[in-house]
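A closer look at the structure
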Amino acid sequence: MIYFLYSFLFISIFSQAQEYIYPVSYSAFENAIYFIYQKDLNTVELWKKSLKSKKMVKALPSRFIPAAFRLLPDLKSFSFIHNDAIYIKYFNKRSPKRIEFYEPIYGINNIEWIDNEHFYFAARSSGQYKIYKSDLLGNIECLINPKVGDVLSPQMIGNTLFYIEKNMDKKSYQVVKKDEQKKTFLYFSNKPINFLNMLSDFFGFFLEYFPEYTNDRIYFSYFCIKKDQANWCVQKLFNFSIPAAYLVDTEYRLYESILPFLPRYFDEKVYFCDCSHNNLGVLDIFSYDFITKIIEKKTNAMDDNSSYICPLIVDNRLWYGNLSLIKSNRCYDNDCQ
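Residues numbered from 1 in each chain as written. Predicted model: local features only at pLDDT ≥ 70, side-chain atom pairs only at ≥ 80, totals over all residues. Heavy atoms only, no water.

Some points on the overall build of the chain
Basically, it comes down to this: Secondary structure elements are taken from DSSP: a helix is a run of H or I of four residues or more, a strand is a run of E of two residues or more, and numbering for both begins at the N terminus. In this setup the radius of gyration rests on C-alpha atoms only. A globule is expected at 2.2 Å times the number of residues raised to 0.38. Contacts are residue-level and defined by heavy atoms, with any inter-residue pair within 4.5 Å sufficient.
Within the chain, the regular secondary structure consists of 1 helix and 27 strands. Computed over the C-alpha atoms, the radius of gyration of the chain is 20 Å, within 12% of the 20 Å expected from 2.2 N^0.38 for a compact globule of 337 residues. Each principal axis of the C-alpha atoms in the chain carries an extent, and together these give about 55 × 45 × 40 Å. Pairs at least 24 apart in sequence give 36% of the contacts found in the chain among residues at least 6 apart.

This is the structure in structure tokens:
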């Protein structure tokens, strides 16, 4: 357990149970972990903890409500979304810089960086999600403008763009690969899919979910998509569930919604949180091993009646968040056991 963070939040733990703190990224340049601290839906702060000095400092002024944290490729700055606008915070500057767009786009979700000056994202225009590319001056280019439906979760690998296409008429979803020559449909589903995450041009993941929830839980499935010689194949890895109160419009909702609950891939394993194994809606951290295909439980949240979310591996330690604490488990044999 990290004692300083525990002490810092000790009073708030007992005064307001719906506070959350969880890790979002590790900066190798600073040797620091960045955390989101949500006091309530109107007060969300970004903090960082130095793993060398053990000191914690606020990474942004309190007037910002950050979401979708991303380190830039040079690791000397980061981006975030505040009030549907994209900001960049340079480590050597005091105030974040807002990127001004001169086109009527809104509903910006996660952004991905190509280099330190160019990025891409999905956003709405005229009621439709499209995929855009931009530079730091806000010069914007529409990469994908669908005739019908939405396009989501862009992932650019070299000159190839992967994304999810949603057909509103047929209520179908497809994983699409588009390069300079052609458009290829890799996977078709009649269930909602999103959050495509391509680690290379032949290997990635996506999330399938069920909009209607039962027993106060929302159910998900996590899939791997990969190219085997000349063919693409899709494999379901595991199912998991999240208490609906964290995701729907309640006082317990997380400001970043599903983002802190997305599975994360580290060194041949996928780490995820799940409450399917108990009747109380308590979340534990699990790992899926790509080599053995074994799912292993990593935490015991029932011991203190907490919920653990947002797993992050740093220096063979498993970091994760819960309602108002950050804890770490030391890993053994250079692997997260």
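Now, onward.
Concerning the pattern of salt bridges
Quick reminder of the rule: Whenever Lys or Arg places a side-chain nitrogen within 4 Å of a carboxyl oxygen from Asp or Glu, that contact is recorded as a salt bridge. The classification of residues rests on relative accessible area computed with a 1.4 Å probe and restricted to protein chains. Under 20% of the type maximum is buried, over 50% is exposed, and intermediate values are partly exposed.
In total, this model carries 9 salt bridges according to the counting rule given. Of the charged contacts in the structure, one is a salt bridge between E30 and K48, with a shortest N-O distance of 2.5 Å. Residue E30 is located in the loop between β1 (20-27) and β2 (32-40), and its partner K48 is located in strand β3 (residues 43-50); the two are separated by 18 residues in the primary sequence. The class for K48 is partly exposed, based on a relative accessible area of 21%.

Brief notes about the sheet that holds strand β15 (residues 172-178)
Selection rule: Any two strands with at least two DSSP-identified bridges between them are counted as paired. Axis definition: a line fitted to C-alpha atoms, limited for helices to the stretch in contact. Angles are taken between N-to-C directions and run from 0 to 180 degrees.
Read from one edge of the open sheet, 4 strands run β13-β14-β15-β16, paired in antiparallel fashion. Each having just a single partner strand, β13 (150-157) and β16 (183-189) make up the two edges of the open sheet. With strand direction ignored, the average angle separating the axes of adjacent strands in the sheet is 20 degrees. For β15 and β16, the ladder comprises 6 bridges, and the chain directions are antiparallel.

Functional significance is not addressed by these values, which are geometric in nature.
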